[in-house]
Amino acid sequence: MDERVIVVVQEARNLEICCPDKTVAPNPYVVVACGHRTTQTHAVKKNVNPMWSQNLHLQVPPQVNSLTVMVRSQGSVEVQEDLPLGFVQIPLALLQDSFGESQTMWFRLQPGSPAELPPIQAPVEDSYISLEKQKMSGGERASFLSERVVPADLVDVFDDAALLKLDIAYLSGDALQRHDVKCVGTEIYVDAKERSFTAYKLHVRRKDGKQWMIWTRYSELFALRKMLCETSMEVPFVPFPRKTPLQWLAFLGGSKFGNMSRHIVTKRAFGFEEFFRRISSMPVVYRTPALSLFFKGCGTTNQFIGEQYRESTDM
């Protein structure tokens, strides 16, 4: 069974409270541990209110029912070794009511580090603890929320506690990809300025079974990627088809050269599919208005081709 947790480490506040030496600003980074599996963010230099906006993915090992998130300070000239600043242990059952969807929460950090990390478990086939088996009672849930979670509208009031903002999603295999995007065709069109361009026909299938078609072009997807890069530091590292350095040759040789050549068009089509597959597991990206509007077919290319089709059918 493919079950994993996706944590978007957003930001932290008031870390000076956790610093052993108040005269030295920390270089904080975040470590997320799920059983024996760990991953971490980059370090932010000399900052007590750092921002990361970084996606971390971890597969859930067998027999593990909690997530340990630790904030540490990277060693520096003043302090040679990495120092623990604070941590929070989050029961995965806390996410049982929103399986497959992300939750954004502010957590109060406990000082120091956990007494011991979750023990390393030997993989046991088909021994995952499902969320159904690890449900929290109403009292347990209320107790954890009151002790460790700060309501978003009260964050500014808690200036005497170190806080960490996380966006967490607990996903199974069928929830990892909200939209499956395939390029099923291309056409050459001429825009209002009498410039030729390649239009890509994308087949979109949502996880609830609904499916539809979207027409788009390279410049439109390039602009969409640029907007998504501003929402997450992970997006710039997702492969995306590069611009063709000799695009001007297309004006000389028609579809044989440049960005309208068969080789470039085919390569871009596969690149677009891979791009959407990779960003489909980033909760912070999927909540952006830009991506939502794109999937609704609000792009100028989709509207332009729609108008061309209506005009041809009216003739």
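The residue numbering used here restarts from 1 in each chain and proceeds along that chain's sequence as written. Local features in this predicted model are restricted to residues whose pLDDT is 70 or higher, and side-chain atom pairs enter the listing and the counts only when it is 80 or higher, whereas totals over whole chains, interfaces and linings include all residues. Calculated side-chain values reflect all of the structure's heavy atoms, with hydrogen atoms and water omitted.

## Some remarks on the sheet that holds strand E6 (residues 83-91)
And then number 1: Reading across the sheet, the five strands line up as E3-E2-E5-E6-E8 and stay open at both edges, with antiparallel pairing between neighbours. The open sheet has two free edges, formed respectively by strand E3 (37-40) and strand E8 (110-111), since each of these has just one partner strand.
And then number 2: Where E6 lies against E8, two bridges are found, and the strand directions are antiparallel. Of the residues in E8, the one forming a bridge with Gly-86 is Pro-111. Strands pair, by our definition, only if DSSP identifies at least two bridges between them. Numbering of helices and strands starts at the N terminus; helices are DSSP runs of H or I of at least 4 residues and strands are runs of E of at least 2.

## Some words on the pairing of strand E7 (residues 102-108)
And then number 1: Partly exposed describes any residue whose relative accessible area lies between the buried limit of under 20% and the exposed limit of over 50%, with all areas from a 1.4 Å probe on protein chains only and scaled to the type maximum. Of all seven residues in E7, five are buried, a share of seventy percent or more.
And then number 2: Strand direction decides the pairing type here: E7 and strand E9 (residues 149-150), joined by two bridges, are antiparallel. The partner of Trp-106 across the bridge, within E9, is Val-150.

## Some details on the pattern of salt bridges
And then number 1: Every case where a carboxyl oxygen of Asp or Glu lies within 4 Å of a side-chain nitrogen of Lys or Arg is listed as a salt bridge. Counting across every chain of the model gives four salt bridges.
And then number 2: One salt bridge connects Glu-11 with Arg-13, and the closest N-O pair in it is separated by 3.7 Å.
And then number 3: Looking at Glu-11, the relative accessible area reads 15%, which means it is buried.
And then number 4: By relative accessible area, which is 25% here, Arg-13 ends up partly exposed.
And then number 5: A salt bridge links Glu-274 to Arg-278; the shortest N-O distance between them is 3.8 Å. Of this pair, Glu-274 and Arg-278 both sit in helix H4 (residues 262-279), separated by four residues, roughly a single helical turn.

## Description of the pairing of strand E5 (residues 66-73)
On a regular strand, each side chain points to the face opposite its neighbour's, so the side chains alternate between the two faces of the sheet.
And then number 1: Burial of E5 is extensive: six of the eight residues sit out of reach of the surface.
And then number 2: Both strand E2 (residues 28-34) and E5 contribute to a ladder of six bridges, which runs antiparallel. What sits directly across from Tyr-29, in E5, is Arg-72.
And then number 3: In the sheet, E5 pairs with E6 via eight bridges, with the strands oriented antiparallel. Within E6, the position partnered with Val-71 by the bridge is Gly-86.

## What about the sheet that holds strand E11 (residues 179-190)?
And then number 1: Spatially, the three strands line up as an open sheet ordered E11-E12-E13, and their pairing is antiparallel. The two strands at the open ends of the sheet, each matched to only one other strand, are E11 and strand E13 (211-216). With direction set aside, neighbouring strand axes in the sheet form an average angle of 20°.
And then number 2: Strand direction decides the pairing type here: strand E12 (residues 196-206) and E13, joined by six bridges, are antiparallel. For helices, the fitted axis covers only the stretch in contact; all axes are lines through C-alpha atoms, and the angles between them, taken along N-to-C directions, range from 0 to 180 degrees.

## Considering the nonpolar core
And then number 1: To define a nonpolar core, start from buried Ala, Val, Leu, Ile, Met, Phe, Trp, Tyr and Cys residues and group those joined through side-chain atoms within 4.5 Å. Counting residues in hydrophobic clusters, the biggest one holds 35 residues, and the most contacted among them are Leu-67, Val-69, Ile-90, Phe-107, Leu-164 and Leu-166.
And then number 2: If you list the elements that add at least two residues to this core, you get strand E1 (3-13), E2, strand E4 (51-59), E5, E6, E7 and strand E10 (163-172).
And then number 3: Working rule for contacts: check all heavy atoms of both residues, and any pair within 4.5 Å makes them a contact. Contact partners of Phe-107, with chain neighbours within four places excluded, come to Val-88, Ile-90, Phe-144, Arg-148, Val-149, Ala-162, Leu-163, Leu-164, Leu-166 and Ile-168.
And then number 4: Of all hydrophobic cores here, the second largest spans 26 residues; its members include Cys-183, Tyr-200, Val-235 and Ile-279.

## Remarks on the environment of Arg-268
And then number 1: Along the chain, the position of Arg-268 falls in helix H4.
And then number 2: Arg-268 gets classed as buried once you look at its relative accessible area, which sits at 4%.
And then number 3: Taking the C-alpha atoms as reference points, Arg-268 and Tyr-218, separated by 50 residues in sequence, lie 8.2 Å from one another.

On their own, these measurements won't tell you what the molecule is for.
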